[in-house]
Amino acid sequence: MAHTTLTPVFVGLRTGLHLLFVGLTVLVIGRAILVPTPLSVALVVTSCVLLATYATGGIFARASRQRGRIPGLIWLALVTAEWVVLLWLNSAAAYLVFPLFFLYLHLLGRRIGTVMVIASTGVAIFVLGAEGGWSVGGVIGPVVGAAVAVMIGLGYQALAREAEEREHLMAELIATRDQLVATEHESGVLAERARLAREIHDTVAQGLSSIQMLLHAAERADTERPGLEHIRLARETAASSLADTRRFIRELTPPDLDEVGLGGTLRRLAETQWGPQGLLVNVRISDSLSLPMQLQTALLRIAQGAMANVIQHAGASTATITLEVDSGALSFTIADDGRGFEPAGPSANRTAGKTDSFGLQATQERVDQLGGTLTVDSAPGKGTVVAVNLAVQGSA
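1. Quick look at the packing of helix α4 (residues 70–89) against helix α5 (residues 97–132)
No. 1: In contact at an axis separation of 12 Å, α4 and α5 are set at 10° when each is read in the N-to-C sense. Taken together, α4 and α5 sit at an angle that is classed as roughly parallel. Residues G72, L73, W75, L76, V79, T80, W83 and L87 of α4 pack against V97, L100, L103, Y104, L107, L108, S120, V123 and V127 of α5.

This is how it looks when you write it as structure tokens:
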């Protein structure tokens, strides 16, 4: 039997049954020795054979689990036959019928087991009445014992079924828990992959894009000095991207955020990356503004992604990044004077076959994680305004 919370109850019942059977058999042996009769030797030998047969029940039980019910039924038939012989030798063996009741109910089932209980009760009553005389107690005693045994046996079977059902439910719960853990792990892996994709897109990918544009400009330069200047800026951008990558791999905060804050970091990027590519970026963010590092990181990545779109697709000359916090409401806007587009339809850069849908998708995902809203206001020839609005706490 599989271990359950009811296993100690079953073990206790079985142990009590075994002790009862052995005790009653020893009582028959003791009576045969203390009150000798011509049949005492046969009585002792038969009792010992019965105990030996009963002790082999474990072997027959294991065989029944492998080959079906037949070995167990053979064992029960042997025990019953030996009990009948012992009962014929001495009526004191009639009391062994009580533990036999439980064996019948357990091995033969409710219906056949109950029939065998009634039959064995009748045999015990007949033997006791034939040898010691008929009496009301001699009849009621075995009948009451049989009735109690049937109720206990049925209760035992009900407990066994309940324990099996509970074990089945526990197995299902454990399997469901394991599936849930696996699902959560998979979701975590997918979320981490998405986060890494956004981080790489907004840092390394944008830096490499800037390097590519600067090197193209160097190739188109007419004189040596401007070409060298573009190459110098490309080298500095590569060095900055490499530093970003190393910091990102170590899972530290974005470059300079822990030193100069969001405003200072954006101004550095405006001077070293966006300005050399022909885009004048005005950063209107107070250096005294204090925001959680996680929020600053997200806003920085949003700004980097937006600036990359402006440089690559908008054809703008100026852009403005503004951050305002008022009464727990944060507004982060990025506006440019580029060609703009129709938000409900294809933009000019899409018409040219140069889309950057992942950048906008990554921005939307970041805003969703922050619990805010993202709006894009644009029209052909009127520039574009990307606005992020969300609620913050603990800002100063």
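2. Focus on the layout of surface pockets
No. 1: By volume, the largest pocket is sized at about 1,000 Å³.
No. 2: Lining of the largest pocket is provided by 34 residues; of these, R14, L103, H106, L107 and Y156 occupy positions nearest its centre.
No. 3: Within the residue set of the lining of the largest pocket, elements represented by two or more residues are α1 (7–34), α2 (40–55), α3 (57–67), α4, α5 and α6 (136–220).
No. 4: The element that contributes the greatest number of residues to the lining of the largest pocket is α5, accounting for eight residues.
No. 5: For the lining of the largest pocket, the class distribution of residues is 19 nonpolar, 11 polar and four charged.

3. Some words on the sheet that holds strand β1 (residues 280–284)
No. 1: Read across the open sheet, the five strands follow the order β1-β2-β3-β5-β4; overall the sheet is mixed. Because the sheet does not close on itself, it has two edges, and the strands there are β1 and β4 (373–378). Strand-to-strand twist in this sheet, taken as the mean axis angle between neighbours without regard to direction, amounts to 10°.
No. 2: Pairing of β4 with strand β5 (residues 384–391), which is carried by six bridges, proceeds in the antiparallel orientation. Pairing of V376 across the sheet is with V386, part of β5.
No. 3: Packing against the sheet, helix α9 (residues 293–314) makes contact with β1, β2 (318–326), β3 (329–336) and β5, and its axis sits at approximately 15° to β3.

Criteria and thresholds
- Residues numbered from 1 in each chain as written.
- Predicted model: local features only at pLDDT ≥ 70, side-chain atom pairs only at ≥ 80, totals over all residues.
- Heavy atoms only, no water.
- Axes fitted to C-alpha atoms, helices over the stretch in contact; angles between N-to-C directions.
- Helix = DSSP H or I, 4+ residues; strand = E, 2+ residues; numbered from the N terminus.
- Parallel < 35°, antiparallel > 145°, perpendicular 65-115°, else oblique.
- Contact = heavy atoms within 4.5 Å.
- 1 Å grid on protein atoms, 1.4 Å probe; cavity = no way out; pocket = protein on both sides within 12 Å on 5 of 7 lines; lining within 4 Å.
- Points joined across faces, edges and corners; volume = space filled by probe spheres on them.
- Nonpolar A, V, L, I, M, F, W, Y, C, P; charged D, E, K, R; others polar.
- Pairing = 2+ DSSP bridges.

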